[in-house]
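# Per-entry structural report
In case you want the letters, here they are:
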Amino acid sequence: MNRRQVEAEVEAEVVTTIEMVTPAMAASWLKFQHRNRNIITQRVRTYAEAMRNGDWQLNGEGICFNTEGQLLNGQHRLAAVIQADCPVRLQITRGIANSAFATIDQGKPRTAANVFTAASVPSATEAAAVARLVCIWDRRHIVSQGPKEAVPTATMLLEYYPQIADSVRFVGRVRARLRGLLPPSEIGFLHWLFGGTHRVERFFEAVADGEGLIGTDPQYRLRERLIGQLRHRARLGATMRLALAIKAWNASYQGRPLRALLWHSDQEAFPAAIRDVE
């Protein structure tokens, strides 16, 4: 770039507006990029999901064009607009110098835990992990193999905190006793899913301690399956753990003995949980 070009960029006026961007506009802008960068498919899906559900929010980040009208930043947002197939309000900045391209997106993205911490949520990391599972479940991202990955936005997760606060506190009380058996996020999610009542808490405490259980108690069967994964060094997957916990809880709630605790993912639908209401 010669001196005249540099001076022209410096003198260019940078203008930021809020505009309703349609899928057609997004497709047109994506064709005229300063430099092509690899699209991260999961990020596009996450953004598109938020846009479709009306959860997309303006946060100071947006679409940037250089002085020649070429796209410098925002390709994931534009690709999401196309995938969501709906118009979305976006922040548009025009007149950015090409020399600024290397400074774009240099900061480390904020995690959900960062957002929870900033909002002064206790046990922020665990709360964010529990909220993620609850959000995915609540939005019906469920198939026969269990909760599907559909990463929600951090802001979306924070909205779920009020309804999981008690479950996060319960995790703090039992996590040490269930260490190695169930991850804290799954304990909190299942506590919420089952209703978060005293009955639910007694169920998990029995699984943790094993005191007074006999071989046909659902809590005993679940405890043995979870301990078995440690004995045989063959850790169960998250979907299997959740399915087995739900089946054990349902049997306990209904007063049914269990001679075996199994879930055949290729033959059975993912189990629905009974919710306790005291």
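Here, the structure is the one placed above.
So, a few notes on the structure that sits alongside this text. Just so it is clear, the model here is predicted, and its values are computed rather than measured.

Glancing now at the environment of Thr111. Within the secondary structure, Thr111 is located in the loop between strand 4 (88-96) and helix 5 (112-118). Taking relative accessible area as the criterion, Thr111 reaches 36% and is therefore assigned partly exposed. Sequence-wise, Thr111 and Ala128 are 17 residues apart; in three dimensions their C-alpha atoms are separated by 9.0 Å.

Between its first and last C-alpha atoms helix 10 (residues 198-209) spans 16 Å; for 12 residues at 1.5 Å apiece the expected length is 16 Å, and the two agree. When we look at burial in helix 10, the residues that qualify are Val200, Glu201, Phe203, Phe204, Ala206, Val207 and Ala208. The secondary structure elements touched by the buried residues of helix 10 are helix 8 (161-174), helix 9 (184-194), helix 11 (218-231) and helix 12 (238-254). Positioned one or two residues after helix 10, Gly210 has a phi angle of 70 degrees, which is positive.

With that out of the way, let us pick up the packing of aromatic side chains. What the rule picks out here adds up to 14 aromatic pairs. Here Tyr47 and Trp56 contribute two aromatic rings whose centre-to-centre distance is 5.1 Å and whose plane-to-plane angle is 70 degrees, an arrangement assigned as edge-to-face. Here a set of aromatic residues connected by ring pairs shows up, and it is made of Phe170, Phe194, Phe203, Phe204, Trp249 and Tyr253. Here the basic side chain of Arg275 rests over the ring of Trp192, its NZ or CZ set 5.4 Å away from the ring centre.

The rules behind the values
- Residue positions are counted from 1 within each chain, in the order its sequence is given.
- The model is predicted, so local features are restricted to residues of pLDDT at least 70 and side-chain atom pairs to those at 80 or more, both for listing and for counting; the totals for chains, interfaces and linings are taken over all residues.
- Hydrogens and waters are ignored; side-chain quantities use all the structure's heavy atoms.
- Comment: elements are numbered from the N terminus, with helices defined as DSSP H or I runs of at least four residues and strands as E runs of at least two.
- Any residue under 20% of the maximum accessible area for its type is buried, any over 50% is exposed, and the rest in between are partly exposed; the area is computed with a 1.4 Å probe on protein chains only.
- Multiplying 1.5 Å by the residue count of a helix minus one yields the expected span of that helix.
- Residue contacts are defined here by distance: any two heavy atoms, one from each residue, within 4.5 Å place the two residues in contact.
- Stacked, edge-to-face and tilted are the three classes for Phe, Tyr and Trp ring pairs, Trp counted by its six-membered ring, which pair at centre distances within 6.5 Å; planes under 30 degrees apart are stacked, over 60 edge-to-face, the rest tilted.
- A ring has a charge above it when a Lys NZ or an Arg CZ is no more than 6 Å from the ring centre and no more than 35 degrees off the ring normal.

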